[in-house]
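Coordinate analysis (summary)
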Amino acid sequence: MTTIGPSEPSVADTRLARLAVAAIRIGVGFVWIQNAAWKTPPDFGENTRSGLYFFTRFAVDRPVFGPYAWLVEHVVLPNFAFFGWVTLFAEAGLGAFLLVGLATRLWAVIGIGQSLAITLAALNAPNEWHWSYYLLILAHFALFATAAGRSFGVDGVLRPAWRASSSLPARILLRLS
Amino acid sequence: MRANRYGRAALALGFGALASSLFALGPGSGGQADFVEIRGAGLVVILLLGACAVVGGVLGNRVIVIIAGAGFAVAAAIQLVQFGRPTNWLAGDGSTFALLLGLAVGLVAVGTARWEQSSREKRTSEGEPDRAT
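In this report, the structure presented in the accompanying data block is examined. (Residues numbered from 1 in each chain as written. Chains lettered and ligands numbered in written order. Predicted model: local features only at pLDDT ≥ 70, side-chain atom pairs only at ≥ 80, totals over all residues. Heavy atoms only, no water.)

1. Details of the environment of Leu120 of chain A
All names here are of chain A.
- Tracing the backbone shows Leu120 in helix α5 (residues 104-122).
- A sequence separation of 85 residues divides Leu120 from Asn35, and the C-alpha atoms of the two residues are 17 Å apart.
- The contacts of Leu120, once residues within four sequence positions are left out, are Ala59, Val64, Phe65 and Tyr68. (Helix = DSSP H or I, 4+ residues; strand = E, 2+ residues; numbered from the N terminus. Contact = heavy atoms within 4.5 Å.)

2. Examining the interface of chain B and chain A
- Listed as interface residues are 40 residues of chain B and, on the opposing side, 34 residues of chain A.
- Roughly 2800 Å² is buried in total at the junction of chain B and chain A, and carbon and sulfur atoms are behind 68% of that figure.
- Counting every contact that joins chain B to chain A gives two residue pairs in polar contact (both at pLDDT 80 or more).
- Of all the secondary structure elements, the ones that give two or more residues to the side of chain B that touches chain A are α1 (5-20), α4 (94-111) and α5 (119-127) of chain B.
- Among the residues making up the side of chain B that touches chain A, the classes are represented as 18 nonpolar, 13 polar and nine charged. (Buried area = accessible area lost by both parts, 1.4 Å probe. Polar contact = N/O pair within 3.5 Å; in protein donor to acceptor, adjacent residues only side chain to side chain. Nonpolar A, V, L, I, M, F, W, Y, C, P; charged D, E, K, R; others polar.)

3. Notes on the packing of aromatic side chains
All names here are of chain A.
- Scanning the entire structure with this criterion turns up 15 aromatic pairs over all chains.
- With a centroid separation of 5.0 Å and an interplanar angle of 85°, the aromatic rings of Tyr53 and Phe80 are classed as edge-to-face. One end of the pair, Tyr53, is in helix α2 (residues 51-61); the other, Phe80, is in helix α4 (residues 80-100), with 27 residues separating them in the sequence. Summarising the burial analysis for this pair, Tyr53 and Phe80 share the class buried.
- Relative to Phe58, the ring of Phe54 has its centre 5.1 Å away and its plane inclined at 80°; by these criteria the two rings are edge-to-face. Taken together, the positions of Phe54 and Phe58, both in helix α2 and four residues apart, correspond to about one turn of that helix.
- Since its relative accessible area comes to 11%, Phe58 is described here as buried.
- What links up through ring pairs into an aromatic cluster is the set Trp38, Phe54, Phe55 and Phe58.
- Lying across the ring of Phe152, Arg18 places its NZ or CZ 5.2 Å from the centre.
- Above the ring of Phe144, the side-chain terminus of Arg105 is found at 4.7 Å from the ring centroid. (Phe/Tyr/Trp six-rings, centres within 6.5 Å; stacked < 30°, edge-to-face > 60°. Buried < 20%, exposed > 50% of the residue type's maximum accessible area, 1.4 Å probe, protein only. Lys NZ or Arg CZ within 6 Å of the ring centre and 35° of its normal.)

Here's what the structure looks like:
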């Protein structure tokens, strides 16, 4: 009897597929790298009502989800410098680690969270294309599902050493990659 | 000397750093195809440390690779402290910081690995598929 599914070889193991996965990972990395450029300390646009502050305010002015709007209005905006630094480190970290493919599955999950936060803030902002936010979230699901750092990334180079090691950091990195 | 896979990884990261210098030809990180702000002293730092990583990879010398990674880490720290302020030695912004950070963590991670493969490690890297599970 002919079977379909489990006996079929996965195209994800081919060199072309691995190149495509690496291209997606590096491309998504550059999304975050370029967007770290305008998260400018120390006030992150709060004093001039521009930059990160301007876009974060959309969560309140044009709310997408009530509880998130409340959180931004009462927790994030009053402590904006702190959340500005958190945003900068998250997005620069996403760009850095996805670019080289290190601990990629961890950063894919962080990317899903950060993309969701951006979506909840800016989805109703004027002149925005809603699918750009959905695609950003979905791209990180793809990076997680394919463990994209194993394709031409540092994860792929170091995982054999992590697997051969019994140390705690190696076991953790094995799980995060 | 023939580089092992760690050396090849360092080589790739070094060439990546050198290739990123092409962003210096663009209008700046606000441009649609100009993803990273690379200018002035930042460009020199990336070229020098990228070349250092390439040399480390070609020679299979992990100390040189670690030095390159540590150099990128110092540059990233300087960029983080200074961007958005009047004094900005590397003439960069958050995108420059992110790129320098990526090159730093990549090279340090590769450089600090044990470059002599154990028999168990060889078996894992050559004989066993590493599927996304």
